[in-house]
Amino acid sequence: MIKAIIFDWGGVLIDNPRKGLLSYCAGHLGISKKLFEDIYQKYEIPFDKGKISEDELWNKICNDLGIQKPTVASLWEDAVRHVFRPKKGMFELAKSLHNHGYKVGFLSNTELPAMKYFLEQKYDIFDVVVFSCKEGTVKPEKKIYEIALRRLRVRPHEAVFIDDKPENVTGAKMLGLECILFNNQYQMKKELSA
């Protein structure tokens, strides 16, 4: 019996912000998105795991590029605020599931500035929120799914995990969770109903 539904953030509850974040930061630095993405990828996992701060991220990236570090308080947070767009129907679904007695979880590979933005929204529909930057582990690593399950107090076969990235769905399936690979809201709702 399913007792909990666990939602990914970027690409499921909100439009996938990756391209917008990279474009925003690249534009601020005055470089191409491709160049920024190539360099950012070297530091993305440590940033997502909270192993390096945003300040350290910009030190490393700007050192690699041979350019000055951004002078704004938090360029990443500025980018988050500029590009994050909620999918209203998905939040309504999560709220409906919560109201119908399901435990609703939130599990995201996310950086500290984005986590701060999320917490400012004061969502009241999630029983558990798990951020990679606070846990030091990212999807599809086994540990992050185990953290979400433990906090929700459910076993893997009692939870459905919804994510838009095949590798994250595969990681959750390996642990025994029921999974839905998100393509669009209609497809996801149909699979969830089944």
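These numbers were taken from a predicted model, which means no experiment stands behind them.

Attention now moves to the overall build of the protein. Check the secondary structure of the protein and you find 10 helices and 5 strands. For a compact globule of 194 residues, the expected C-alpha radius of gyration is about 16 Å, and the protein comes in at 17 Å, within 12% of that figure. Expressed along its principal axes, the backbone C-alpha trace of the protein runs to roughly 55 × 30 × 25 Å. The proportion of buried residues among the 194 residues of the protein is 50%. Look at the contacts in the protein between residues 6 or more apart in sequence, and 59% of them connect residues 24 or more apart. A total of about 9,900 Å² of accessible surface is found on the protein, and carbon and sulfur atoms cover 49% of it. Of the side chains in the protein, 30 bear a positive and 26 a negative charge, and the two mean positions are spaced by 3 Å.

Moving on, we come to unusual backbone geometry. With an omega dihedral of 10°, the bond running from Lys139 to Pro140 counts as a cis peptide bond. Inspection of the secondary structure puts Pro140 in the loop between α7 (132-135) and α8 (142-152). In this model, Lys122 sits at a positive phi of 55°, which is unusual for a non-glycine residue. Mapped onto the elements of the fold, Lys122 is located in the loop between α6 (112-120) and β3 (128-131). Phi at Arg153 is positive, roughly 60°, even though this residue is not glycine. Along the chain, Arg153 turns up in the loop between α8 and β4 (159-163).

Thresholds applied
Residues numbered from 1 in each chain as written. Predicted model: local features only at pLDDT ≥ 70, side-chain atom pairs only at ≥ 80, totals over all residues. Heavy atoms only, no water. Helix = DSSP H or I, 4+ residues; strand = E, 2+ residues; numbered from the N terminus. Rg over C-alpha atoms; globule rule 2.2 N^0.38 Å. Buried < 20%, exposed > 50% of the residue type's maximum accessible area, 1.4 Å probe, protein only. Contact = heavy atoms within 4.5 Å. Areas by Shrake-Rupley, 256 points an atom, 1.4 Å probe, with all protein chains shown as cover. Lys, Arg positive; Asp, Glu negative; His and termini not counted. Charge placed at Lys NZ, Arg CZ, Asp CG, Glu CD.

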